[in-house]
Amino acid sequence: MIDQLAIATGMILLTIVIHALGLLGLRRVVGLELTHSHLDLQSHVTVRGIAVTVTVVLGVFILHGVEIWLYAGLYRLLGALPDMHEAVYFSTITYGTVGYDDEGIERSWELIAAIEGINGIILLGWSTAFFVSVGSRFARH
C-alpha cells in the first residue's frame with residue numbers, strides 16, 4: 001500500500017505542476033488578448049470573445065488530456081492494464097470520476113486509480129473556476 005501511496009502522491013504533484021503551468025500559460029494568452037483588445041467587450045458574443053472562449057476550452061481540454069495520458073502511461077509502466085487503449089480508457093473514466101468499475105486493473109494498483117479519481121475531480125474543478133474567472137473578466141471589461 002505504501003508504494004501505491006508514494007506513486008499516487010508523485011502523480012498528484014506532477015499533475016498539479018502541469019495544471020498550474022498550463023493555466024498560467026492560458027491566463028497569459030487570455031490576459032494579453034483582453035489587454036490588447038481594441039474591440040468592444042461588452043458582449044461575450046464577439047469574434048474576440050468567442051476566440052478567447054475556444055482558446056480556454058481547448059487549452060483546458062489539452063491539459064486534462066495530458067494528465068489522463070500520464071496516468072495511462074503509468075498504468076502501462078506498472079503493468080496494471082493490458083494495453084494502451086484500455087489504459088487510456090480506464091484513466092479517462094477514472095479521472096472524470098465516471099468510473100464504471102475497476103475491472104481489469106491489477107488489484108495491487110487499485111489505490112492509484114482511486115486517488116486518480118480524486119485528483120481528476122479537483123483538477124476539473126480548478127479548470128471550471130479558471131473558466132468562470134475568465135468569463136467574469138469579460139463581464140468587467
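What this report covers is the structure whose coordinates are included nearby. Computed from a predicted model, the values in this text were never measured in an experiment.

With that out of the way, let us pick up the overall build of the protein chain. What the protein chain contains, in helices and strands, is 4 helices and 0 strands. Counting only residues that meet the buried cut, the protein chain has 35% of its 141 residues in that class. In the protein chain, 70% of the contacts between residues at least 6 apart in sequence involve partners at least 24 apart. Carbon and sulfur atoms make up 69% of the accessible area of the protein chain, which amounts to about 8,200 Å² in all.

Over its 12 residues, helix α3 (residues 84-95) extends 16 Å from the first C-alpha to the last, a length consistent with the 16 Å expected when each residue adds 1.5 Å. For α3, the set of buried residues is Ala 87, Val 88, Phe 90, Ser 91, Ile 93, Thr 94 and Tyr 95. Where α3 begins, the side chain of Asp 83 points an oxygen toward the backbone nitrogen of His 85, at a separation of 3.2 Å. Immediately downstream of α3, the backbone of Thr 97 shows phi near 60°, a positive value.

Quick look at helix α2 (residues 47-78) now. Across its 32 residues, α2 extends 46 Å between first and last C-alpha, which sits within 8% of the 46 Å expected from 1.5 Å per residue. Just past α2, the residue Gly 79 takes up positive phi, approximately 75°.

Our focus in this paragraph is the pattern of salt bridges. Side-chain pairs of opposite charge can arise where the charged atoms are in close proximity. As enumerated under the stated definition, the model contains 1 salt bridge in all. Glu 110 serves as the salt-bridge partner of Arg 107, at 3.6 Å between the closest nitrogen and oxygen. Judged by its relative accessible area of 67%, Arg 107 falls in the exposed class.

All right, on to the nonpolar core then. Core analysis: the largest hydrophobic core is formed by 16 residues, its most contacted members being Tyr 75, Leu 81, Phe 90, Ile 105 and Ile 112. Per-element tally for this core: the top contributor is α2, with 4 residues. Residue contacts for Leu 81: discarding those within four places in its chain leaves Tyr 75, Arg 76, Glu 86, Ala 87, Phe 90, Gly 104 and Ile 105. Counting residues in each nonpolar core, the second largest holds 9 residues, with Val 52, Val 60, Leu 63 and Phe 130 among its members.

A contiguous nonpolar surface patch, about 440 Å² in accessible area, is contributed by Ile 50, Val 54, Leu 58, Ile 62 and Val 66. Within the secondary structure layout, Val 66 lies in helix α2.

Definitions and cut-offs
Residues numbered from 1 in each chain as written. Predicted model: local features only at pLDDT ≥ 70, side-chain atom pairs only at ≥ 80, totals over all residues. Heavy atoms only, no water. Helix = DSSP H or I, 4+ residues; strand = E, 2+ residues; numbered from the N terminus. Buried < 20%, exposed > 50% of the residue type's maximum accessible area, 1.4 Å probe, protein only. Contact = heavy atoms within 4.5 Å. Areas by Shrake-Rupley, 256 points an atom, 1.4 Å probe, with all protein chains shown as cover. Expected span 1.5 Å × (residues − 1). Polar contact = N/O pair within 3.5 Å; in protein donor to acceptor, adjacent residues only side chain to side chain. Salt bridge = Lys/Arg side-chain N within 4 Å of Asp/Glu carboxyl O. Core = buried A, V, L, I, M, F, W, Y, C linked by side-chain atoms within 4.5 Å. Patch = residues over 30% accessible without salt bridge, like charges linked within 9 Å, V, L, I, M, F, W, Y side chains within 5 Å.

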